Amino acid sequence: MKRGQKQALAEATGSYSGKGKRFAIVVARFNHDITSKLLVGAKEALADNGVLDADVKVAWTPGAFEIPLAAKRLAETGLYAGVVCLGAVVRGETAHFEYVAANATGGIATAALETNVPMTLGILTTENMQQAIERAGPNHENKGYESALAALEMANLLQEVGGR
């Protein structure tokens, strides 16, 4: 290429198309009133974008701390285009919040990098229960819905750039 000549940049962006793809959702039972609503949102997002109910595996963990191991195990099967991780960690009066939130988020990132399967962070980390309730509402601002969209997008992006 000659100096001053512009080269077209190649761009890759993932779509939300889920047709023919399988996804796993790992959801914490702790704070079930919140996490069950996140699950509804995630399943709705996947269905809205062509993922069949039969192509979604839901795995429940005791809490958010246990999510990374379950997510990694599911990813290692090679069956899923992505793993949506859902939980709710609400700040209390002890440092427990920081340990659980940090280890859950770091564990998910590590599991995704080790397996090359996209994993999305739909673990709420809120100051109080009211904030968690608001983020798990029945609309498209539901963080479970958003996390599932991110999983769809990443699965398609990795496929486009030469992934699974």
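Attention here is on the structure that accompanies the text. (Residues numbered from 1 in each chain as written. Predicted model: local features only at pLDDT ≥ 70, side-chain atom pairs only at ≥ 80, totals over all residues. Heavy atoms only, no water.)

**Remarks on the overall build of the protein**
Item 1. Each helix and strand in the protein was counted, giving five helices and four strands.
Item 2. What you see in the protein, going N to C, is helices and strands ordered as β-α-β-α-β-α-β-α-α.
Item 3. Dimensions of the protein, computed from the C-alpha atoms along their principal axes, are close to 65 × 40 × 30 Å.
Item 4. A buried classification covers 43% of the 164 residues belonging to the protein.
Item 5. A sequence separation of at least 24 residues applies to 81% of the contacts in the protein between residues at least 6 apart.
Item 6. With an accessible surface of roughly 9300 Å², the protein has 53% of that area assigned to carbon and sulfur atoms. (Helix = DSSP H or I, 4+ residues; strand = E, 2+ residues; numbered from the N terminus. Buried < 20%, exposed > 50% of the residue type's maximum accessible area, 1.4 Å probe, protein only. Contact = heavy atoms within 4.5 Å. Areas by Shrake-Rupley, 256 points an atom, 1.4 Å probe, with all protein chains shown as cover.)

**Examining helix 3 (residues 96-115)**
Item 1. Here helix 3 is 20 residues long and its end C-alpha atoms lie 28 Å apart, about the 28 Å a rise of 1.5 Å per residue gives.
Item 2. Among the residues making up helix 3, those that are buried are F97, V100, A101, A104, G107, I108, A111, A112 and T115. Taken around the axis of helix 3, the buried residues stretch over an arc of 140 degrees, which confines them to a single face. Across helix 3 from its buried face, at more than 90 degrees, point the exposed residues Y99, L113 and E114.
Item 3. Residues of helix 3 that are buried sit in contact with helix 2 (67-76), strand 3 (82-90) and strand 4 (119-126). (Expected span 1.5 Å × (residues − 1). Arc of directions from axis to C-beta.)

**Points about the packing of helix 1 (residues 32-48) against helix 5 (residues 143-160)**
When two helices pack together, you describe them by how their axes are tilted relative to each other and by the distance separating the axes.
Item 1. It is the contact of helix 1 with helix 5, at a shortest axis distance of 6 Å, that shows an interaxial angle of 40 degrees. As far as their axial angle goes, helix 5 and helix 1 are oblique. Helix-helix and strand crossings are classified by hand; for helix 1 and helix 5 the assignment is right-handed. On helix 5, the residues that touch L38, G41, A42, E44, A45, L46 and D48 of helix 1 are K143, G144, Y145, A148, L149 and L152.
Item 2. Its residues placed into classes, the contact of helix 1 with helix 5 shows eight nonpolar, two polar and three charged. (Axes fitted to C-alpha atoms, helices over the stretch in contact; angles between N-to-C directions. Parallel < 35°, antiparallel > 145°, perpendicular 65-115°, else oblique. Left-handed = near helix turned anticlockwise from the far one by under 90°. Nonpolar A, V, L, I, M, F, W, Y, C, P; charged D, E, K, R; others polar.)

**Quick word on the environment of A81**
Item 1. Take A81: it is sitting in the loop between helix 2 and strand 3.
Item 2. For A81 and I34, which are 47 residues apart along the polypeptide, the C-alpha to C-alpha distance reads 25 Å.
Item 3. Leave out the neighbours within four places in its chain, and A81 touches K21, R22, F23, V117, P118 and A155.

**Considerations on the sheet that holds strand 1 (residues 23-28)**
For sheets, the rule is that strands pair by backbone hydrogen bonds, running either parallel or antiparallel.
Item 1. Pairing is parallel across the open sheet formed by four strands, whose spatial order is 2-1-3-4. Every interior strand has two partners, whereas the edge strands, strand 2 (56-61) and strand 4, have only one. The mean angle between the axes of side-by-side strands here comes to 15 degrees, regardless of whether they run parallel or antiparallel. (Pairing = 2+ DSSP bridges.)

**Comments concerning helix 5**
Item 1. The end-to-end C-alpha distance of helix 5, which contains 18 residues, comes to 25 Å, matching closely the 26 Å that a straight helix rising 1.5 Å per residue would cover.
Item 2. If you follow the buried residues of helix 5, they end up packed against strand 1, helix 1, strand 3 and strand 4.
Item 3. Sitting at the head of helix 5, N142 places a side-chain oxygen 2.7 Å from the backbone nitrogen of G144.
Item 4. A positive backbone phi angle near 110 degrees is found at G162, which sits one or two residues after helix 5. (Polar contact = N/O pair within 3.5 Å; in protein donor to acceptor, adjacent residues only side chain to side chain.)

**Re the environment of G41**
Item 1. Following the sequence through the fold, G41 ends up in helix 1.
Item 2. Sequence-distant contacts of G41, defined by excluding residues within four places in its chain, comprise N142, G144 and Y145.

**Quick word on the nonpolar core**
Item 1. Counting 23 residues, the largest nonpolar core has F23, I25, I34, L46, V84 and L86 as the members making the most contacts within it.
Item 2. Listed by contribution, the elements that provide at least two residues to this core are strand 1, helix 1, strand 3 and helix 5.
Item 3. Beyond its immediate chain neighbours, meaning those up to four positions away, I34 contacts A88, L124, M129, A132, I133 and A136.
Item 4. Among the nonpolar cores identified, the runner-up in size contains 22 residues, and A59, V83, F97 and M119 belong to it. (Core = buried A, V, L, I, M, F, W, Y, C linked by side-chain atoms within 4.5 Å.)

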